[in-house]
Amino acid sequence: MTAVSPAVSVVAPNRARRLGIALAASGAVLFSAKAILAKLQYRYGVDSLDVLTLRMALSLPLFVLLGIRETQRARQRQALPSRRDLGLILVLGVLGYYLSSLLDFWGLEYVPVSLERLILFLNPTIVLLIGLFAYRRKVAAKEWIALAVSYAGVVLVMVENLRVQGEHVLFGSALVLGAAVSYALYLAMSGELVKRMGSLQLVAYAMVVSTAATLIHYLIARDPSGLLGLPWQVYGLATANAVFCTFLPVTFTMAAVARLGAGTAAQFSVIGPVSLVFLGAWVLGESITAIQLVGTAVVLGGVVLLSRPGANSVPVAPPDNK
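Each chain carries its own residue numbering, running from 1 in the written order of its sequence. Only residues with pLDDT of 70 or above have their local features reported here, since the model is predicted, and side-chain atom pairs are shown and tallied only from 80 upward, although totals for entire chains, interfaces and linings are computed over all residues. Just so you know, side-chain values use all the structure's heavy atoms and leave hydrogens and water out.

Caption draft 1: Broad picture of the overall build of the protein. Within the protein, the secondary structure is distributed over 13 helices and 0 strands. Taken across its 322 residues, the protein has 50% of its residues classed as buried. Taking the contacts inside the protein whose residues are at least 6 apart along the sequence as the reference set, 87% of them involve residues at least 24 apart. Here, Shrake-Rupley sampling with a 1.4 Å probe gives the accessible areas, and only protein chains in the shown set may cover a residue. For the protein, the exposed surface amounts to about 14700 Å²; the carbon and sulfur share of it is 69%. By the criteria applied, helices consist of DSSP H or I runs no shorter than four residues and strands consist of E runs no shorter than two, each listed in order from the N terminus. When accessible area is computed with a 1.4 Å probe and restricted to protein chains, residues below 20% of their type maximum are described as buried, those above 50% as exposed, and intermediate ones as partly exposed. Any two residues whose heavy atoms approach within 4.5 Å at even a single point are treated as in contact.

Caption draft 2: Focus on the side chain of Thr53. With respect to the element layout, Thr53 can be found in helix α2 (residues 48–76). Under the rule applied, a polar contact is a pair of N or O atoms within 3.5 Å (in protein, one hydrogen donor and one hydrogen acceptor; residues adjacent in sequence only if both atoms are side-chain atoms). One polar contact links the side chain of Thr53 to the main-chain carbonyl oxygen of Leu49, over a distance of 2.7 Å.

Caption draft 3: Representation of the confidence of the model for the protein within the structure. Predictor confidence is given residue by residue as pLDDT, running from a minimum of 0 to a maximum of 100. Averaged over all residues, the pLDDT of the protein equals 82, while 87% of them reach at least 70. Across the protein, α2 holds the top mean pLDDT of 94, while helix α11 (residues 262–267) sits lowest at 64. Within the model, pLDDT remains below 50 along residues 7–11, and this stretch shows 0 contacts once partners closer than five positions in the same chain are excluded. Of the regions scoring below 50 in pLDDT, residues 312–321 engages in 34 contacts with residues more than four places distant in sequence or in other chains.

Caption draft 4: Examining a nonpolar patch on the surface more closely. Residues enter a patch when their relative accessible area is above 30% and they make no salt bridge; the linking distance is 9 Å between like charges and 5 Å between nonpolar side chains (Val, Leu, Ile, Met, Phe, Trp, Tyr). Salt bridges are defined as contacts in which a side-chain nitrogen from Lys or Arg sits within 4 Å of a carboxyl oxygen from Asp or Glu. A cluster of nonpolar side chains, contributed by Val91, Tyr135, Leu177, Val181, Leu185 and Met189, occupies part of the molecular surface with about 470 Å² of accessible area. For the nonpolar patch, the leading source of residues is helix α7 (residues 168–189), giving 4 residues. Following the sequence through the fold, Tyr135 ends up in helix α5 (residues 123–135).

Caption draft 5: Local environment of the packing of aromatic side chains. The criterion for an aromatic pair is that two Phe, Tyr or Trp rings (for Trp, the six-membered ring) have centres within 6.5 Å, with stacked assigned to planes under 30 degrees apart, edge-to-face to planes over 60 apart and tilted to the rest. Evaluated as defined, the whole model comprises 6 aromatic pairs. For the ring pair Phe63 and Phe247, a centre distance of 5.3 Å and an interplane angle of 80° mean the geometry is edge-to-face. Taken together, the residues span a long stretch of sequence, with Phe63 in helix α2 and Phe247 in helix α10 (residues 232–260) at a distance of 184 residues. Taking the relative accessible area as the measure of exposure, Phe247 reaches 15% and is therefore buried. An angle of 65° between the planes, with centres 5.1 Å apart, marks the rings of Tyr97 and Tyr186 as edge-to-face. Taken as a pair, Tyr97 in helix α3 (residues 83–107) and Tyr186 in helix α7 lie far apart in primary sequence, 89 residues in all. Each residue in the set Tyr97, Tyr183 and Tyr186 is aromatic and connected to the rest through ring pairs, giving one cluster. It is Lys34 that lies over the ring of Phe105; its NZ or CZ is 5.1 Å from the centre. Two thresholds decide whether a charge sits over a ring: the Lys NZ or Arg CZ must be within 6 Å of the ring centre and within 35 degrees of the ring normal.

What follows is the structure, encoded as structure tokens:
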């Protein structure tokens, strides 16, 4: 019997961990970068509904292919969703990817990308509050401290943005907070379904539902021919948003979870808000002040505290799986 070298047995896990870290970090940055691309599209005269419709329509074929693959795997396991599951997927698709994305892109018309990402990053705290009021879950003292720290940081950044940019920041922040609440409801309601179906199958199905809801919204509100004569830059940015900031981050994050575990992979989502502070300044020319940096650090500290072992395992999922 041939002995396995200890060096070989250690190298493979280390390599898998390094790859998992790279995938988790890349997924976090790409998820966040969709706000940058949306802001760039707004410069060409489109609005939030145009941006959302193009993004969903262009990413749809990728999620359909993913859904077909995951359905085949579920059929092999004899684990196809029931009618009740499909009904819940309809609700989750509307909440998690249609309504949340619509409010998010609308809010981006009024707030800088750094503030948008910080507000969305409150998702774990909102899920915690939903558990408190809807499911009567007990909240530990450490969790209350984390909540207070996180919201104090957002208020600090919001007040600074009000000083720098004006009162429209309040309206935009309310819209983005609505997006965060909508996605938190998705997270809170999807727990059991994820266990039965798997996250990739659920995301694929929910994205199809969300795309249908978005297209119906657009057909009711506008003439669809309005999407045909836009500048080529809008289509290029929308394609990048669909592929690099929607589909790829989902697959990157799931691959990272497979290599690192959900808890460790979730920790890398903190890179998203930090990256946007600097990407917003570099690409969009948004200002960075010392107070904004302090507020960002406070929010991230609160979320990291909330997601540490022993904090009742509040899910820290990237808020733009959507």
